[in-house]
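# Coordinates in review
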Amino acid sequence: MFKTRSDFFWKTIILYIMVIASIGCDFSQATRLELPIDSRHLQQLAFYYKETNSNLTGVKLTEEYIKNAVPFNAQEVEIPVKGENFLSPYIAKGVKYFELGYFKYEGGIYKIIIYNKIGESDTLLLNVQLNSYDANGILTDALLLSSFFSYEDISRFSYFIISSDHEILINNYVIVRCEEGDEGISERCINKLIPQIYLTEKYKITNGKFNVISTSKVNYIIR
């Protein structure tokens, strides 16, 4: 009888530990993403694209993401972020990010993360970034996929596609909210906000690095 109770006790303890461990894994496990990845189809970003077309001056992380965000480590803040940055390509200490998902390629792990930081003139930026890590979890490279923000009379954001052949296309958009007069003072706000491409970037993932293939600037129109 004692042996039976003992076996039952230890089996119960083991089962309890397994349940707790599985809950922890499910809570911390990020979404595995399958290529191709189109930002317009990512449910995790739908809310932020919607907010860009509103009258908000800054786009913030949702409370859910803030609650589960983790700080950039010392090594991650030392690597400059490639792409169309607004001010510094570096991330300040103390900034926290939330992982939207990841995919694997050539033994490395690629994480799509999202975070708020401060840009020029204390402008609040919401950045979506692709980080490349080697097999040991060391950050190899970083690329800015999109930056949501409003500055003076314009707003900016980007759509991006990560293709099955590991090329990255980023279309950077600007929304002009008001026309400017001769003295640079906003005179008339625009009712119909139309996003316009002002910069297209193409990158290729090679050996854990984001290598630029081409960049093309377009002169947008103040309607």
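Above this text sits the structure in question.
Here is a short report on the structure shown in this document. (Residues numbered from 1 in each chain as written. Predicted model: local features only at pLDDT ≥ 70, side-chain atom pairs only at ≥ 80, totals over all residues. Heavy atoms only, no water.)

## Notes on the pairing of strand β11 (residues 196–206)
- The pairing of strand β8 (residues 167–176) with β11 spans eight bridges and is antiparallel. By the bridge assignment, V174 is partnered in β11 with Q196.
- Note: β11 against strand β12 (residues 209–217), eight bridges, orientation antiparallel. Following the sheet pairing, L199 is matched in β12 by K217. (Pairing = 2+ DSSP bridges. Helix = DSSP H or I, 4+ residues; strand = E, 2+ residues; numbered from the N terminus.)

## Some thoughts on empty space enclosed by the protein
- Evaluation of the coordinates by the stated rule reveals three cavities of 30 Å³ or more.
- When its volume is computed, the largest cavity comes out at roughly 70 Å³.
- Around the largest cavity, the lining is made up of 13 residues, and of these E84, S146, S147, S158 and N172 lie nearest the centre.
- Elements represented by at least two residues in the lining of the largest cavity include exactly β6 (139–151), β7 (154–162), β8 and β11.
- In terms of residue count, β6 provides more of the lining of the largest cavity than any other element does, four residues in total. (1 Å grid on protein atoms, 1.4 Å probe; cavity = no way out; pocket = protein on both sides within 12 Å on 5 of 7 lines; lining within 4 Å. Points joined across faces, edges and corners; volume = space filled by probe spheres on them.)

## Topic: helix α2 (residues 43–52)
- Within the sequence span of α2, burial applies to L45, Y48, Y49, E51 and T52. Looking straight down α2, one finds that the buried residues subtend no more than 160 degrees of arc, so they occupy a single side. Facing away from the buried side of α2 by over 90 degrees, the exposed positions are Q43 and K50. (Buried < 20%, exposed > 50% of the residue type's maximum accessible area, 1.4 Å probe, protein only. Arc of directions from axis to C-beta.)

## Quick notes on the side chain of N131
- Here N131 shows up in strand β5 (residues 124–133).
- A distance of 3.1 Å separates a polar atom in the side chain of N131 from a polar atom in the side chain of Y133.
- Contact partners of N131, with chain neighbours within four places excluded, come to F72, I109, Y110, K111, I113, L139, D141, A142 and F210. (Polar contact = N/O pair within 3.5 Å; in protein donor to acceptor, adjacent residues only side chain to side chain. Contact = heavy atoms within 4.5 Å.)

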